[in-house]
Amino acid sequence: WAFTYDQSLALQTFLISNDLDRAAKILSFYEDKASRKDDAFLNAYNANSMSPTEDIVRAGPTIWMGIAAAQYVNKTGDKHFLGLAEDVARWTIAMKDRDGGLKGGPDVTWYSTEHNLDAYALFNMLYKITGKDIYKKEMDSTLKWIKDNTYSEKDASMRRGKGDATI
């Protein structure tokens, strides 16, 4: 199995190691061949056949692939995969609620602090790369949501998610 989150980390490792060909191969798969559900990447694909092996969509893995694509653009200056990162950003924006929070996926009601931090990072990267105001706006609304729903000034801690008392 090739898990989307793990593939994004492998891709970023290839970038650090200057193995741009392998990094581009992963991005090419996600850009051209990876099956999507509701415009998001599935959690896992068969590494040999490239067919889906898990019909689940979660915000984190999809956003991490967007982050990896943005990292590729930032490292190489090659904007070929910028569209992939922006596709992920559009999906992420569409998933946000009216308060600016991002649920864990299209079929769940829970909110993860981690996924919202991932979204903040993606919007920040895309704003720096493109200068588009939409990414600054989404970055700011995501940060506001994080502060309002997961951060406790009282004990200077972060909650695991909205409505979750776990630190």
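Structural data are supplied above this passage.
Residues numbered from 1 in each chain as written. Predicted model: local features only at pLDDT ≥ 70, side-chain atom pairs only at ≥ 80, totals over all residues. Heavy atoms only, no water.

Quick word on the nonpolar core
Counting residues in each nonpolar core, the largest one holds 41 residues, and the members touching the most others are L11, L27, Y30, F41 and M65. Contributions of two or more residues to this core are made by α1 (4-16), α2 (20-33), β3 (40-41), α3 (59-76), α4 (82-95), α5 (113-130) and α6 (133-149). Among the elements that take part in this core, α3 stands out by supplying ten residues, more than any other. (Core = buried A, V, L, I, M, F, W, Y, C linked by side-chain atoms within 4.5 Å. Buried < 20%, exposed > 50% of the residue type's maximum accessible area, 1.4 Å probe, protein only. Helix = DSSP H or I, 4+ residues; strand = E, 2+ residues; numbered from the N terminus.)

Structural notes on α5
Taking 1.5 Å of rise per residue, the 18 residues of α5 would be expected to cover 26 Å, and the 26 Å separating its terminal C-alpha atoms lies within 8% of that figure. What α5 keeps buried is the set T113, H115, N116, D118, A119, L122, F123, L126 and I129. Looking at the buried side of α5, the elements it contacts are α3, α4, α6 and β7 (157-158). For α5, the N-terminal cap is S112; the gap from its side-chain oxygen to the backbone nitrogen of E114 is 3.2 Å. In the stretch just after α5, G131 is the one whose phi turns positive, near 75°. (Expected span 1.5 Å × (residues − 1). Contact = heavy atoms within 4.5 Å. Polar contact = N/O pair within 3.5 Å; in protein donor to acceptor, adjacent residues only side chain to side chain.)

Examining the packing of aromatic side chains
Scanning all chains against the criterion turns up eight aromatic pairs. Ring centres 5.0 Å apart and planes at 85° place the aromatic pair F29 and Y30 in the edge-to-face group. One exposure class covers both F29 and Y30, and it is buried. When the ring of F29 is compared with that of Y45, the centres are 5.3 Å apart and the planes differ by 80°; the resulting orientation is edge-to-face. With F29 in helix α2 and Y45 in strand β4 (residues 44-45), the pair connects residues that are 16 residues apart, well separated along the chain. (Phe/Tyr/Trp six-rings, centres within 6.5 Å; stacked < 30°, edge-to-face > 60°.)

Looking at the side chain of T4
With respect to the helices and strands, the residue T4 is situated in helix α1. Accessibility expressed as a relative area gives 0% for T4, which makes it buried. One polar contact links T4 to Y30, side chain to side chain, over a distance of 3.1 Å. Of note is the side chain of T4, whose polar atom sits 2.6 Å from the backbone oxygen of L42. Setting aside its immediate chain neighbours within four residues, T4 contacts Y30, F41, L42, N43, A44, Y45, P61 and M65.

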